Amino acid sequence: MLHIKARYQDTRKIIEVDGVREDVQRGELVVVSSEKGEELVEVLGYSKEGLSSKVTFLRKATEEDKRKAQENEERAKEFHELCKRKIKEHNLDMKLLKTYIPLDGSKVFFYYTAEQRVDFRALVRDLAKSIKRRIEMRQIGVRDAVQMMGWLGNCGNDVCCAKFAEKLDSVYVHDIHLQNLPLSPSKFTGPCGRLLCCLAYERENYLIKEILPDVGTSICYKGSEYNLIFVEPLRGYALLEREGKKIEVPLKDLLPNHYERALEHCRVCPACCRRVNADHEAPVGATE
């Protein structure tokens, strides 16, 4: 049996699907069994990872499946408007984003954002009188909300999380500093109000700075003490200063023997003491 990558229709998250017994094509709709029930997902391609998943393949989507999904979508729109009215009636501080009904129609999922925890028990009881189905309210974060609803990024393209990102990596203020960018978090904030996900894409290109002394510290070079004032990993040089004179030196001349081992450790390490210290000083920039 094969594994495929697919995208949920409601949250737009990318998932791994187990037990594929038929040939499927990119863009095709298939029916899977997930924790939400039976639902349609869009095929993105075959997976080489073969990771174990709680989502299992059932069948290719039939015309009846597509018809039922369309009916559920229309019904979800009605329930969405109903829920918005009830939220206003109950004076709840929450923003309803999407209403979703899986293919089997057993539940209705309401996705919302809120700054604080919301007591929606009375709302659910009120909704149940009209909907007469099981109801599940799901609070999501601002990054998940942008992924679900879509948006234009600072670059003018669709945001990465809604277009191709498989997971939302944590991004830190330290990433701005590491990439020699102006330390102005507001300039690198996405539509979700968090630091741009694309800062994480460049992280590996600058990892070599993690095994060098901090900029501003002293470093020994060819028997003399210099001040390290700048490191440019992409061009492979560092700028040193001694007695007012600045020189450019290749990074390889400053790195210890077998530094590749340390670099490999940085690639797989889930945290960095330098990063933690930097973000402790400026927690407003960290995103989870």
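Reading the values: the criteria
Along every chain, residues carry numbers that run from 1 in the direction the sequence is written. Predicted model: local features are reported for residues with pLDDT of at least 70 only, side-chain atom pairs are reported and counted for 80 or more only, and whole-chain, interface and lining totals are derived from all residues. Side-chain figures throughout are based on the complete set of non-hydrogen atoms in the structure, without hydrogens or water. Counting from the N terminus, the helices are DSSP H or I runs at least four residues long and the strands are E runs at least two residues long. Throughout this description, buried means an accessible area under 20% of the type-specific maximum (1.4 Å probe, protein chains only), exposed means over 50%, and partly exposed covers the range between. Polar contact is the term for a pair of N or O atoms within 3.5 Å; when the atoms are in protein, one must be able to donate a hydrogen and the other to accept it, and sequence-neighboring residues count only if both atoms are side-chain atoms. By definition, residues are in contact when any of their heavy atoms lie within 4.5 Å. Pairing between two strands requires that DSSP report at least two bridges joining them. Interaxial angles span 0 to 180 degrees and are taken between N-to-C directions of axes, which are lines fitted to C-alpha atoms, for helices over the stretch in contact. A helix is expected to span 1.5 Å for every residue after the first. Salt bridges are defined as contacts in which a side-chain nitrogen from Lys or Arg sits within 4 Å of a carboxyl oxygen from Asp or Glu. Any two rings among Phe, Tyr and Trp, with Trp reduced to its six-membered ring, count as a pair given centres within 6.5 Å; such a pair is stacked if its planes are under 30 degrees apart, edge-to-face if over 60, and tilted if neither. Here, a charge over a ring means that NZ of Lys or CZ of Arg falls within 6 Å of the ring centre while also lying within 35 degrees of the ring normal.

The name an unreviewed UniProt entry gives the chain is PSP1 C-terminal domain-containing protein, with Thermocrinis ruber as the organism.

Q: Would you explain the side chain of Lys36 in this entry?
A: The topology assignment puts Lys36 in the loop between strand 3 (29-34) and strand 4 (37-46). Classification of Lys36 by relative accessible area gives buried; the value is 4%. A distance of 2.7 Å separates polar atoms of two side chains, one belonging to Lys36 and the other to Asp10. When sequence neighbours within four positions are dropped, the list of residues in contact with Lys36 reads Tyr8, Asp10, Tyr100, Pro102, Phe109, Tyr111 and Arg138.

Q: What's the story with the pairing of strand 4 in this structure? I'm lost.
A: For a regular strand, side chains alternate in direction, first toward one face of the sheet and then toward the other. With seven of 10 residues buried, strand 4 is to be regarded as a mostly interior element. Bridging between strand 1 (residues 2-8) and strand 4 involves five bridges; their strand directions are antiparallel. If you follow Ala6 over to strand 4, its bridge partner there is Val43. With antiparallel pairing between neighbouring strands as the criterion, strand 3 and strand 4 make up a hairpin whose turn holds two residues.

Q: Can you walk me through the sheet that holds strand 6 (residues 95-100) in this structure?
A: Two orientations exist for strands paired in a sheet by backbone hydrogen bonds: parallel and antiparallel. Taken in spatial order, the three strands make up an open sheet running 6-7-8, and their pairing is mixed. Each of the sheet's edge strands pairs with one partner strand only, and the pair in question is strand 6 and strand 8 (134-139). Across this sheet, the average inter-strand angle for adjacent strands is 25 degrees, counted without regard to direction. With five bridges connecting them, strand 6 and strand 7 (residues 107-113) associate as antiparallel partners. Within the sheet, the bridge partner assigned to Lys95 lies in strand 7 and is Thr113. Packed on one face of the sheet, helix 1 (residues 63-89) meets strand 6 and strand 7 and runs near 155 degrees to strand 6. Sheet strands in contact with helix 2 (residues 121-131) are strand 7 and strand 8, and its direction is about 140 degrees off that of strand 8.

Q: Please clarify how helix 1 should be interpreted in this entry.
A: Helical geometry: 3.6 residues make up each α-helical turn, so side chains three or four residues apart lie on a common side. Over its 27 residues, helix 1 runs 39 Å from end to end, which matches the ideal 39 Å to within 8%, given 1.5 Å per residue. When we look at burial in helix 1, the residues that qualify are Asp65, Asn72, Ala76, Phe79, His80, Leu82, Cys83, Lys86 and Ile87. Among the residues trailing helix 1, Asn91 stands out with phi positive, at a value near 55 degrees.

Q: What is the right way to read the side chain of Glu210 from this model?
A: Tracing the backbone shows Glu210 in the loop between helix 6 (198-201) and strand 9 (218-221). A polar atom in the side chain of Glu210 sits 3.1 Å from the side chain of His174.

Q: What exactly am I supposed to notice about the pairing of strand 1 here?
A: With five of its seven residues buried, strand 1 lies for the most part within the structure. Bridging between strand 1 and strand 2 (residues 14-20) involves five bridges; their strand directions are antiparallel. Looking at strand 2, one finds that Ala6 is bridged to Ile15. The loop that links strand 1 with its antiparallel partner strand 2 comprises five residues; one of these, Arg12, has a positive phi angle of about 65 degrees.

Q: Honestly, the pattern of salt bridges in this entry has me stumped. Any pointers?
A: Opposite charge on two side chains permits pairing when their charged atoms draw close. Enumeration over the complete set of coordinates arrives at 21 salt bridges. Arg67 is the salt-bridge partner of Glu71, the closest N and O atoms lying 2.2 Å from each other. Separated by four residues within a single helix, Glu71 and Arg67 lie in helix 1, roughly one turn from each other. Under the relative-accessibility criterion, Arg67 is labelled partly exposed at 38%. Two residues, Glu136 and Arg138, come together in a salt bridge whose shortest N-O distance is 2.7 Å. Residue Glu136 is classed as partly exposed on the basis of its relative accessible area, which comes to 22%. What makes Arg138 partly exposed here is its relative accessible area of 21%.

Q: Would you explain the sheet that holds strand 12 (residues 245-250) in this entry?
A: Judged by pairing direction, the sheet is antiparallel, and its four strands sit side by side in the order 9-10-11-12 without closing on themselves. The open sheet terminates on both sides in strands that have one partner only, identified here as strand 9 and strand 12. Within this sheet the neighbouring strands show an average axis-to-axis angle of 45 degrees, counted without direction. In this structure, strand 10 (residues 224-232) lies alongside strand 11 (residues 237-242), joined through five bridges in antiparallel fashion. What sits directly across from Asn227, in strand 11, is Glu241.

Q: Which parts of the structure should I look at to understand the packing of aromatic side chains?
A: Both the distance between ring centres and the angle between the ring planes are used here to describe each pair of aromatic rings. Per the stated rule, a full pass over the model turns up five aromatic pairs. Ring centres of Phe164 and Tyr201 lie 6.2 Å apart, and the angle between their planes is 40 degrees; on these two criteria the pair is classed as tilted. Note that Phe164 is positioned in the loop between helix 4 (160-163) and helix 5 (173-178) and Tyr201 in helix 6, a separation of 37 residues in sequence. Under the relative-accessibility criterion, Tyr201 is labelled partly exposed at 40%. Between Phe230 and Tyr237, the ring centres sit 6.4 Å apart and the planes meet at 45 degrees, which makes this aromatic pair tilted. On the accessibility criterion, Tyr237 (13% relative accessible area) is buried. Here the basic side chain of Lys36 rests over the ring of Tyr8, its NZ or CZ set 4.0 Å away from the ring centre.

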